[in-house]
Amino acid sequence: MDPHFNKITKAGYQKIQKEIDQLENSRPTKIKILSDARALGDLSENAEYSAAKRDLRHLESRLRFLRKELQYAKIYTPSDNDRVEVGKYVTFEFLDDHATETYQIVGTPEVDIDHGKISIASPIGAALLNHRTGDTVKVVAPNLTYQVKITAVKIDQ
């Protein structure tokens, strides 16, 4: 049975790898802080030791999570056409109020709505996927249903 891979952009993959590298680089410092706190004596009343231990556990947990994300990630390179795919920028118009938005469609590990990146797992990302410029798409969200018209699909913004 083949494992399920999550599509991700090259930039998203590199961002996760960079965070892993930063965490790995900070790990020896966290271990030293824990060791120094342990040397202070009675561990049951040692707040520095408890905090250092918690920080190291958090770092280790985050590393495990990010490594799993990369383990099941597959860099996806979009094709040069007007079909909505991971990595492409999509401009669409809401048909109810004629507002327009542009978002990059990305894999779930790299979602960042503040920077215009929506996931293929989100209601609008899933609805737009594999449609083309000019298509009208019905988006079914948890609390409402609406339609958008795709006005542009580009590889680069």
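Not measured: the values here are computed from a predicted model.

1. What to know about the packing of aromatic side chains
Under the counting rule described, the total for this entry stands at three aromatic pairs. Through successive ring pairs, a cluster of aromatic residues spans Phe92, Phe94, Tyr103 and Tyr146.

2. Remarks on the pattern of salt bridges
One pass over the full model with this rule turns up eight salt bridges. We note a salt bridge from Glu85 to Lys88, for which the minimum N-O separation is 2.9 Å. Comparing Glu85 with Lys88, the two get one shared label, buried.

3. Examining helix α1 (residues 10-38)
Taking 1.5 Å per residue as the helical rise, α1 with its 29 residues ought to reach 42 Å, and the 42 Å between its terminal C-alpha atoms agrees with that figure. The axis of α1 is deflected most strongly, by about 35°, at Arg27, and proline Pro28 appears within four residues downstream. Regarding α1, the residues found buried are Gly12, Ile16, Ile20, Leu23, Leu34 and Ala37. Residues of α1 that are buried sit in contact with β1 (6-8) and α2 (47-71).

4. A short note on the pairing of strand β6 (residues 136-140)
Of the two faces of β6, the one lined by Val137 and Val139 is fully buried and the one lined by Thr136, Lys138 and Val140 carries no buried residue. As defined by bridge partners, β6 adjoins strand β7 (residues 145-154) across five bridges and the pair is classed as antiparallel. Its bridge partner being in β7, Val139 is matched across the sheet by Tyr146. In sequence, β6 turns back onto β7 through a hairpin of four residues.

5. Re the confidence of the model for the protein chain
Caution applies to low-pLDDT parts of the model: their predicted coordinates are not meant to be read in detail. Averaged over all residues, the pLDDT of the protein chain equals 91, while 96% of them reach at least 70. Across the protein chain, the secondary-structure element scoring lowest on mean pLDDT is β1, at 90, and the one scoring highest is strand β3 (residues 89-94), at 96.

6. Quick word on the packing of α1 against α2
Where α1 meets α2, the axes come as close as 9 Å, and the angle between the chain directions of the two elements is 155°. As the angle between them shows, α1 and α2 are arranged roughly antiparallel. The hand of the α1/α2 crossing is left-handed. Residue composition of the contact of α1 with α2, grouped by class: 15 nonpolar, two polar and twelve charged.

7. Notes on the sheet that holds β6
Pairing within the open sheet is mixed, and its five strands lie in the order β5-β4-β3-β7-β6. Two strands bound the open sheet, and with one partner strand each, they are β5 (117-119) and β6. The sheet shows a mean angle of 45° between the axes of neighbouring strands, taken without regard to direction. Here strand β4 (residues 100-106) pairs with β5 via three bridges, running parallel.

Rules and cut-offs
Residues numbered from 1 in each chain as written. Predicted model: local features only at pLDDT ≥ 70, side-chain atom pairs only at ≥ 80, totals over all residues. Heavy atoms only, no water. Phe/Tyr/Trp six-rings, centres within 6.5 Å; stacked < 30°, edge-to-face > 60°. Salt bridge = Lys/Arg side-chain N within 4 Å of Asp/Glu carboxyl O. Buried < 20%, exposed > 50% of the residue type's maximum accessible area, 1.4 Å probe, protein only. Helix = DSSP H or I, 4+ residues; strand = E, 2+ residues; numbered from the N terminus. Expected span 1.5 Å × (residues − 1). Bend = angle between axes of the 7 residues up to and from the residue. Contact = heavy atoms within 4.5 Å. Pairing = 2+ DSSP bridges. pLDDT = per-residue confidence, 0-100. Axes fitted to C-alpha atoms, helices over the stretch in contact; angles between N-to-C directions. Parallel < 35°, antiparallel > 145°, perpendicular 65-115°, else oblique. Left-handed = near helix turned anticlockwise from the far one by under 90°. Nonpolar A, V, L, I, M, F, W, Y, C, P; charged D, E, K, R; others polar.

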